[in-house]
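Tertiary structure, described
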Amino acid sequence: MLYFKFKEEKTSKPETDKKQSVFWKLADAFLKMLSSNPDFEEYRDKICSWYIEYDDVEYKLVVREIGVDVDGNVLFLAPSKRNYGYWCDLDVDIEFYKRHFDLVEISKEEFDSLWESLNDN
């Protein structure tokens, strides 16, 4: 297994003054229930770093992921009871991560410590 972290550059979204109708609020809630990551959207804009456990031997994919905010607080774990995962759901190899992010290798112990801090499995 490989363990690494990277920061995610944020792009700002335009602010909107529109108030959401009851219909759209209900539709959003329903779609969130059907989502493979119902908790992800709530934290998406707050996550600035990702910690990744990557199987580099057999399956060549992300096994577990942790989303962390700017203060180092764990906001998102996947896979879990409710969330399949953002990076776990992508079919990309390690070269994708190396090309798109500045990876920093971390230890299994560092990853596991963060995982256990908010584990809801």
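What this report covers is the structure whose coordinates are included nearby.

Re the environment of Glu-53
Mapped onto the secondary structure, Glu-53 falls in strand 2 (residues 49-55). Here the alpha-carbon distance between Glu-53 and Arg-64, two residues 11 residues apart in the chain, equals 5.2 Å. Non-local contacts of Glu-53, meaning those with residues more than four positions away in its chain, are made with Met-1, Leu-2, Tyr-3, Leu-61, Val-62, Val-63, Arg-64 and Phe-111. A polar side-chain atom of Glu-53 sits 2.7 Å from a polar atom in the side chain of Arg-64.

Looking at the nonpolar core
In this structure, Phe-6, Trp-50, Ile-52, Trp-87 and Tyr-97 are the most contacted members of the largest nonpolar core, which totals 17 residues. Those residues within four positions of Ile-52 in sequence are excluded, and the remaining contacts are Leu-2, Tyr-3, Phe-4, Phe-6, Val-62, Arg-64, Glu-65, Trp-87 and Phe-111.

Observations concerning unusual backbone geometry
Geometrically, the link from Ala-78 to Pro-79 is a cis peptide bond, its omega value of 0 degrees lying close to zero. Phi at Lys-60 takes a positive value of approximately 60 degrees, unusual for a residue other than glycine. You can see Lys-60 is positioned in the loop between strand 2 and strand 3 (61-68).

What counts and how
Residues numbered from 1 in each chain as written. Predicted model: local features only at pLDDT ≥ 70, side-chain atom pairs only at ≥ 80, totals over all residues. Heavy atoms only, no water. Helix = DSSP H or I, 4+ residues; strand = E, 2+ residues; numbered from the N terminus. Contact = heavy atoms within 4.5 Å. Polar contact = N/O pair within 3.5 Å; in protein donor to acceptor, adjacent residues only side chain to side chain. Core = buried A, V, L, I, M, F, W, Y, C linked by side-chain atoms within 4.5 Å. Buried < 20%, exposed > 50% of the residue type's maximum accessible area, 1.4 Å probe, protein only.

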